[in-house]
Structures are given as C-alpha cells and as structure tokens.
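Residue-level structure breakdown
Each chain, letter by letter, is given below.
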Amino acid sequence: MRIAIIGTGNVGKNLGAALENSNEVVYGSRDPTAAKTKLKGKNIIGINDAAKSADVIVLAVPYLAAKETIEKMRESIKGKIIIDVCNPLGSNFEWKKDSQDSAAEEIARQAHGAKVVKAFNTIFAENMKTGKVGKDKLTTFIAGDDEEAKNKVMDLARGIGMEPVDVGALKKARYIEPAGIMMIELGYAKNLGTNIGLKLVKQNK
Ligand SMILES: NC(=O)c1ccc[n+]([C@@H]2O[C@H](COP(=O)([O-])OP(=O)(O)OC[C@H]3O[C@@H](n4cnc5c(N)ncnc54)[C@H](OP(=O)(O)O)[C@@H]3O)[C@@H](O)[C@H]2O)c1
C-alpha cells in the first residue's frame, strides 16, 4: 500500500515511521525543502503530488489547517481513503466542535468524494511508533461510513501494533474526538505526560 502522510510534524514523523515498516510512505509538505531538514532521508514532496501518488492519505495537519490542505489536494482525493487523525482544537487549545458535529464529518463534507475514516486521534504521537505504552497495546477507536475503507484502516492499525475498535459510522467520531481532548487534558493539564494511552478491556465469553 502506498500511503501519503500530509504534514511533517509530530504525528507525520511518528505515524509515518510506524507505517514505513510494511508500506511505502511518501510525505506531503507545504515546503518540502524545509521539511527535509526536519525529517532527514524521507521522501517528501508537495501536498498534491503526494496525495495523487497514494492509495491512502493521512491528514496529519492541525484542525484549523485541514480545510486549506484539502483544497490543495482536491483533484487527487476522489475515491481515496483519508485518515483523519485530528483533534478539533482552536489556537488556544479550545474545543471547536459541539456534540452535533465532529471534525471528521466536517472534513468529509470538505473532502467530498473521498472515504474519510477517523482514527489514531486518542494516541499521543510519541506512542504511534509502537502502538504501545510499555507492554500494553493501545486501542485506536475507528469511525467511518465505508466498511471496506474502515477495514483497511483497521488492518493498518493492527500492522503498527495497535488494537483497532470499530465504533461505527463516521458520525460516531462525535464520541471519539472528545476522548482525544481528554487525553490532552490528562497529559498536559494534569501533568501525566504523553506516556499514557487508552485500552479497551473486555472479558472473553
Ligand atoms: N501530537 C499528538 O500527540 C497528536 C496525537 C493525535 C492526534 N493529533 C492530531 O494530529 C494532527 C497533527 O498534529 P501534530 O502534533 O503532528 O502537529 P504539528 O507537530 O504541529 O505538525 C503539523 C504539521 O502540519 C503541517 N501543516 C499544514 N498546514 C499547517 C498550518 N497552517 N499550520 C501548521 N502546520 C501546518 C506542517 O507540516 P508541513 O510544514 O510539512 O506542511 C506541520 O508540521 C493535529 O490535527 C492533531 O490534533 C496529534
């Protein structure tokens, strides 16, 4: 699978490294030359070129930059899977959604024709490399309207050591996104740090 990671920040770097183990990964950046000084040795090209060349696109940019980023790759997203990892925060880390919408649904409206799947937003970037905190596999909560796309993303999550849990249709991202904000609150406001994560436990019947 060829995957385009759009955005070369914390998530781009760590999720990209994890996905590189069993996929071909290309990075899309607003400024590939500058990004190459951060992510040395990586294949970094322009946003639209990266999206055009890939089967799956990971949108790893700040929530406030999602719309302009989708515009830049609009001609290359039709029919493709877009993995939305974002936590909808404003410039002062304030929550930008109400309970009747989610960033994932907003992104799906903007990225018309693409198959948007919510994933990975509750996992700190540092833990995306292994999908674990210590020995514990982290749960990644998944939502999407296209079952085949969702299954592909769940396979990708398993491939990088996480335990995917299907929460349902894309609108269920309304439940997943607040969990991401809760993790940020615990990690930073409550000083637990980023070496924490969510794991769904269930008793086998
Ligand atoms: N950090 C985490 O632990 C974590 C965990 C889960 C989910 N998330 C979500 O993942 C997304 C990316 O987070 P991150 O921590 O990787 O952010 P980051 O370190 O700030 O990196 C974001 C990247 O997005 C690109 N970008 C495009 N337009 C931008 C703009 N207008 N302003 C700033 N950057 C822009 C930049 O790459 P180029 O300069 O190469 O274009 C930048 O390096 C966010 O939506 C966040 O909520 C983060």
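The structure reproduced in this document is the subject of the present report. (Residues numbered from 1 in each chain as written. Predicted model: local features only at pLDDT ≥ 70, side-chain atom pairs only at ≥ 80, totals over all residues. Heavy atoms only, no water.)

With that settled, consider the site of the ligand. Lining the immediate surroundings of the ligand are 23 residues, of which Thr8, Val11, Ser29, Val61 and Ala125 lie closest. Lys38 has a polar side-chain atom sitting 3.4 Å from an oxygen atom of the ligand. Contact distances for the ligand include 2.8 Å between an oxygen atom and a backbone N or O atom of Ala125. Elements with a contribution of two residues or more to the shell around the ligand: α1 (10-20) and α6 (125-128). Along the lines of polarity and charge, the residues of the shell around the ligand split into 13 nonpolar, seven polar and three charged. (Near = heavy atom within 4 Å. Polar contact = N/O pair within 3.5 Å; in protein donor to acceptor, adjacent residues only side chain to side chain. Helix = DSSP H or I, 4+ residues; strand = E, 2+ residues; numbered from the N terminus. Nonpolar A, V, L, I, M, F, W, Y, C, P; charged D, E, K, R; others polar.)

A few words on a positive patch on the surface. On the surface, Lys132, Lys137, Lys199 and Lys202 cluster together into a positively charged patch. Turning to its location among the elements, Lys199 is positioned in the segment after α8 (173-189). (Patch = residues over 30% accessible without salt bridge, like charges linked within 9 Å, V, L, I, M, F, W, Y side chains within 5 Å. Areas by Shrake-Rupley, 256 points an atom, 1.4 Å probe, with all protein chains shown as cover. Salt bridge = Lys/Arg side-chain N within 4 Å of Asp/Glu carboxyl O. Lys, Arg positive; Asp, Glu negative; His and termini not counted. Charge placed at Lys NZ, Arg CZ, Asp CG, Glu CD.)

Now for the pattern of salt bridges. Oppositely charged side chains may form a pair once their charged atoms are brought near each other. Per the stated rule, a full pass over the model turns up 12 salt bridges. With a shortest N-O distance of 2.5 Å, Glu24 and Arg2 are connected by a salt bridge. Placement of the pair is Glu24 in strand β2 (residues 24-29) and Arg2 in strand β1 (residues 2-6), with a sequence separation of 22 residues. Looking at Glu24, the relative accessible area reads 46%, which means it is partly exposed. Across the salt bridge formed by Asp166 and Lys150, the nearest N and O atoms sit 3.0 Å from each other. Of this pair, Asp166 sits in strand β10 (residues 163-168) while Lys150 sits in helix α7 (residues 147-159), and the two are 16 residues apart along the sequence. Residue classification places Lys150 among the buried positions, given a relative accessible area of 2%. A cluster of three or more residues bridged by salt bridges with shared partners is formed by Lys97, Asp101, Glu106 and Arg109. (Buried < 20%, exposed > 50% of the residue type's maximum accessible area, 1.4 Å probe, protein only.)

Locating Ser76 in the fold gives a position in the loop between α4 (66-72) and β5 (81-84). On the basis of relative accessible area, Ser76 is assigned to the buried category, the value being 5%. Within the local environment of Ser76, its side chain forms a polar contact with the side chain of Asn48, the two groups lying 2.6 Å apart. Those residues in contact with Ser76 that sit more than four places away from it in its chain are Asn48, Ala51, Lys52 and Ile57. (Contact = heavy atoms within 4.5 Å.)

In spatial order, the strands read β3-β2-β1-β4-β5-β6-β9-β10; together these eight strands make up an open sheet with mixed pairing. With partners counted over all chains shown, the strands left at the sheet margins are β3 (44-46) and β10, one partner each. Within this sheet the neighbouring strands show an average axis-to-axis angle of 30°, counted without direction. Sheet topology note: the β2/β3 ladder contains three bridges and is parallel. The partner of Gly28 across the bridge, within β3, is Ile45. Running over the sheet, helix α5 (residues 103-110) touches β4 (56-59), β5 and β6 (115-118) and is turned about 165° from β6. Each of β1, β4, β5, β6, β9 (139-144) and β10 touches α7; the most contacted strand, β10, lies at about 155° to it. (Pairing = 2+ DSSP bridges. Axes fitted to C-alpha atoms, helices over the stretch in contact; angles between N-to-C directions.)

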